[in-house]
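# Commentary on secondary and tertiary structure
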Amino acid sequence: QLTLPTGRSIYESTDVNQLDNTGRGFWALGTGVALTKVRGPYDGVMLFDLHRSFGREVRGTPVGDLQLSPGWGGSLTLGAGRSFKDVRAGASIAWIYEDATKVSGGSLPDGALSRYASAGLSLIYSPSRDWSASLAYTDQLLFGAPTNTPLARGVTVSYQRRFPR
């Protein structure tokens, strides 16, 4: 996996409340494994990823020029589901971890490690091969001992249509 620094990190924030923080701000390279098993109407999945984020320099911040050195991160996801004719119901939990970021220069202290768990429930309706609809709920406040991370709850509704060639 390759992660691009498309968002603004907390170290580049110009807002006092850091509301303009839209990402981690680091390149990262990683690898992972996805294991799935289907037995009759039941399915299970285990996903694991490990990645390394790469350091960078940030110039012109309100606290001076910064040299940022992030570390390792990873996640473990376990999920299971059950299919009923045209409907699949599933649940999952993911544990996410990021090393602390070391900060040199400027007047900022080092960052702190980040960890949290994200629980999910999903319902997928697929009456044919041509289309499906899904409803998913995620909650990062239910499990674990979150540390140094903003937490969220969310609902996603999606529709997929396949067109024949």
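The preceding data block contains the structure.
The structure displayed is predicted, hence computed values, not measured ones.

Here the focus is the overall build of the protein. Each helix and strand counted, the protein has zero helices and eleven strands in total. Ordering the α and β elements of the protein from the N terminus gives β-β-β-β-β-β-β-β-β-β-β. Relative to its length of 165 residues, the protein is extended, with a C-alpha radius of gyration of 20 Å against a globular reference of 15 Å. Taken along its principal axes, the extent of the C-alpha atoms in the protein is 60 × 30 × 30 Å. Expressed as a percentage of the 165 residues in the protein, the buried residues total 24%. Sequence-distant contacts in the protein: of pairs separated by 6 or more residues, those separated by 24 or more amount to 48%. Looking at the protein as shown, the accessible area adds up to about 11,000 Å², and 59% of this sits on carbon and sulfur atoms. Separation between the mean location of the 17 positive side-chain charges and that of the 13 negative ones in the protein comes to 12 Å.

Here we come to the pattern of salt bridges. Per the counting criterion, the structure on display carries four salt bridges. Residues Asp 43 and Arg 88 are paired through a salt bridge, measuring 2.7 Å at the closest nitrogen-oxygen approach. Here the residue Asp 43 occupies a position in strand β3 (residues 42–53), and Arg 88 occupies one in strand β7 (residues 87–98), the gap between them amounting to 45 residues. As a salt-bridge pair, Arg 153 and Asp 139 come within 2.7 Å of each other at their nearest N and O atoms. In this pair, Arg 153 sits in strand β11 (residues 153–161) while Asp 139 sits in strand β10 (residues 131–139), placing the two residues 14 residues apart along the sequence. For Asp 139, a relative accessible area of 2% puts it in the buried group. One salt-bridge network, in which partners are shared between bridges, spans Glu 57, Arg 59 and Asp 65.

Moving on: the packing of aromatic side chains. Inspection of the entire model under this criterion finds two aromatic pairs. Summarising the aromatic geometry, the rings of Tyr 125 and Trp 131 are spaced 5.6 Å apart at their centres and angled 75° between planes, so their arrangement reads as edge-to-face. Take Tyr 125: its relative accessible area is 38%, and that puts it in the partly exposed class. Between Trp 131 and Tyr 159, the aromatic rings sit 5.7 Å apart at their centres with planes inclined by 35°, giving tilted as the arrangement. Linking Trp 131 in strand β10 with Tyr 159 in strand β11, this pair joins segments that are 28 residues apart in sequence. Classification of Trp 131 as partly exposed rests on a relative accessible area of 29%. The rings of Tyr 125, Trp 131 and Tyr 159 are connected pair by pair, giving a single aromatic cluster. Looking at Arg 82, its charged tip hangs above the ring of Tyr 42, at a distance of 4.9 Å from the centre.

Pairing within the open sheet is antiparallel, and its three strands lie in the order β4-β5-β8. Each having just a single partner strand, β4 (56–61) and β8 (102–104) make up the two edges of the open sheet. This sheet shows a mean twist of 25° between the axes of neighbouring strands, independent of strand direction. Pairing geometry for strand β5 (residues 64–69) and β8, over three bridges, is antiparallel. From the neighbouring strand, Ser 69 faces β8, where its bridge partner is Lys 102.

Checked against the element boundaries, Ser 126 lands in the loop between β9 (114–125) and β10. Each C-alpha atom of the pair Ser 126 and Leu 108 lies 51 Å from the other, and the pair is 18 residues apart in sequence.

In a beta sheet, neighbouring strands are held together by backbone hydrogen bonds and run either parallel or antiparallel to one another. In spatial order, the strands read β1-β2-β3-β6-β7-β9-β10-β11; together these eight strands make up an open sheet with antiparallel pairing. Of all the strands in the sheet, the pair left with one neighbour each is β1 (2–3) and β11. Strand direction decides the pairing type here: β1 and strand β2 (residues 28–39), joined by two bridges, are antiparallel. Across the sheet, the residue bridging to Leu 2 is Leu 29, located in β2.

Criteria and thresholds
Residues numbered from 1 in each chain as written. Predicted model: local features only at pLDDT ≥ 70, side-chain atom pairs only at ≥ 80, totals over all residues. Heavy atoms only, no water. Helix = DSSP H or I, 4+ residues; strand = E, 2+ residues; numbered from the N terminus. Rg over C-alpha atoms; globule rule 2.2 N^0.38 Å. Buried < 20%, exposed > 50% of the residue type's maximum accessible area, 1.4 Å probe, protein only. Contact = heavy atoms within 4.5 Å. Areas by Shrake-Rupley, 256 points an atom, 1.4 Å probe, with all protein chains shown as cover. Lys, Arg positive; Asp, Glu negative; His and termini not counted. Charge placed at Lys NZ, Arg CZ, Asp CG, Glu CD. Salt bridge = Lys/Arg side-chain N within 4 Å of Asp/Glu carboxyl O. Phe/Tyr/Trp six-rings, centres within 6.5 Å; stacked < 30°, edge-to-face > 60°. Lys NZ or Arg CZ within 6 Å of the ring centre and 35° of its normal. Pairing = 2+ DSSP bridges. Axes fitted to C-alpha atoms, helices over the stretch in contact; angles between N-to-C directions.

Limitation: the analysis is restricted to geometry and does not speak to function.
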